[in-house]
Amino acid sequence: QVQLAESGGGLVQPGGSLRLSCVASGITFGMYTMSWYRQAPGKERELVARIMNTGGITPYADAVRGRFTISRDTAKNMVYLQMNDLKPEDSAVYYCQAGGRWAQYWGQGTQVTVSS
């Protein structure tokens, strides 16, 4: 059974930092592209960052470029999203996604709230 589990969300003040983590099980992790998406109330789910199975990183979303960094540790089946200089508009549920040649899998999400 494939499972993705996010953690690290919470409440943070503007300008603060958080690191989200996602651990995958049930897949050969090194064969999958890993992505972070987010969805705020009333808005569409949007791609935030993506790291390929080769280790290459696709362009970050314009809203987070320069502030967020995606990375992965294949040996630990983990992908991370380091979020710095957080803004209220970053508040959303953040989802981990594993994408392969034939299938995509999603975690249940972790809430990030940026507020003073």
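The structure under discussion appears in the preceding block.
Residues numbered from 1 in each chain as written. Predicted model: local features only at pLDDT ≥ 70, side-chain atom pairs only at ≥ 80, totals over all residues. Heavy atoms only, no water.

K.L.:
Honestly, the pairing of strand E5 (residues 46–51) in this entry has me stumped. Any pointers?
P.N.:
Alignment of strand E4 (residues 33–39) against E5, held across five bridges, turns out to be antiparallel. By the bridge assignment for E5, Trp 36 is matched with Ala 49. If you look at the hairpin formed by E4 and E5, you'll find six residues sitting between the two strands, and Gly 42 has a positive phi there, around 80°. (Pairing = 2+ DSSP bridges. Helix = DSSP H or I, 4+ residues; strand = E, 2+ residues; numbered from the N terminus.)

K.L.:
Got a minute to help me understand the nonpolar core in this structure?
P.N.:
Soluble globular proteins tend to bury their nonpolar side chains together. Residues Trp 36, Val 79, Leu 81, Met 83 and Tyr 94 are the most contacted members of the largest nonpolar core, which totals 30 residues. Put simply, the parts of the chain that give this core at least two residues each are strand E3 (18–25), E4, E5, strand E6 (68–73), strand E7 (78–83), strand E8 (92–99) and strand E10 (110–114). If sequence neighbours within four positions are ignored, Leu 81 has contacts with Leu 18, Arg 19, Leu 20, Trp 36, Val 48, Ala 49, Phe 68, Thr 69, Ile 70 and Tyr 94. (Core = buried A, V, L, I, M, F, W, Y, C linked by side-chain atoms within 4.5 Å. Buried < 20%, exposed > 50% of the residue type's maximum accessible area, 1.4 Å probe, protein only. Contact = heavy atoms within 4.5 Å.)

K.L.:
Mind showing me how you'd approach the sheet that holds strand E1 (residues 3–7) here?
P.N.:
Neighbouring strands of a sheet are bound in pairs by backbone hydrogen bonds; such pairs are parallel or else antiparallel. Spatial strand order, E1-E3-E7-E6: four strands in an open sheet with antiparallel pairing. A strand with exactly one partner marks an edge of an open sheet, and here the two such strands are E1 and E6. Recorded for the sheet is a direction-independent mean angle of 15° between the axes of neighbouring strands. Sheet topology note: the E6/E7 ladder contains six bridges and is antiparallel. For Ser 71, the partnering residue across the bridge sits in E7 and is Tyr 80. (Axes fitted to C-alpha atoms, helices over the stretch in contact; angles between N-to-C directions.)

K.L.:
Explain the packing of aromatic side chains here, please?
P.N.:
Ring pairs (aromatic) are described by centroid distance and by the angle formed between their planes. Taken as a whole and assessed by the stated rule, the structure comprises two aromatic pairs. Their ring planes at 55° and their centres at 6.2 Å tell us that Tyr 32 and Tyr 105 sit as a pair that is tilted. Placement of Tyr 32 in the loop between E3 and E4 and of Tyr 105 in strand E9 (residues 104–106) is noted, with a sequence separation of 73 residues between them. Judged by relative accessible area, Tyr 105 falls into the partly exposed class, the value being 27%. Ring geometry for Tyr 37 and Trp 106: centres 4.9 Å apart, planes at 55°, overall tilted. Note that Tyr 37 is positioned in strand E4 and Trp 106 in strand E9, a separation of 69 residues in sequence. Positioned above the aromatic ring of Tyr 95 is the side chain of Arg 45, whose terminal nitrogen or guanidinium carbon lies 3.9 Å from the ring centre. The aromatic ring of Trp 106 is capped on one face by Arg 45, whose charged end is 4.7 Å from the ring centroid. (Phe/Tyr/Trp six-rings, centres within 6.5 Å; stacked < 30°, edge-to-face > 60°. Lys NZ or Arg CZ within 6 Å of the ring centre and 35° of its normal.)

K.L.:
Before we go on, may I ask you to explain the state of the cysteines in this structure?
P.N.:
Two cysteines, two sulfur atoms, one covalent bond between them: this is a disulfide. In this structure the tally under the stated criterion is one disulfide. Each disulfide pairs two cysteine sulfurs, and for Cys 22 the partner residue is Cys 96, the sulfurs being separated by 2.1 Å. Since a negative S-S torsion denotes a left-handed disulfide, the Cys 22-Cys 96 link at about -80° is left-handed. Of this pair, Cys 22 sits in strand E3 while Cys 96 sits in strand E8, placing them 74 residues apart in sequence. Among the residues examined, Cys 96 registers a relative accessible area of 0% and is labelled buried. (Disulfide = S-S within 2.5 Å.)

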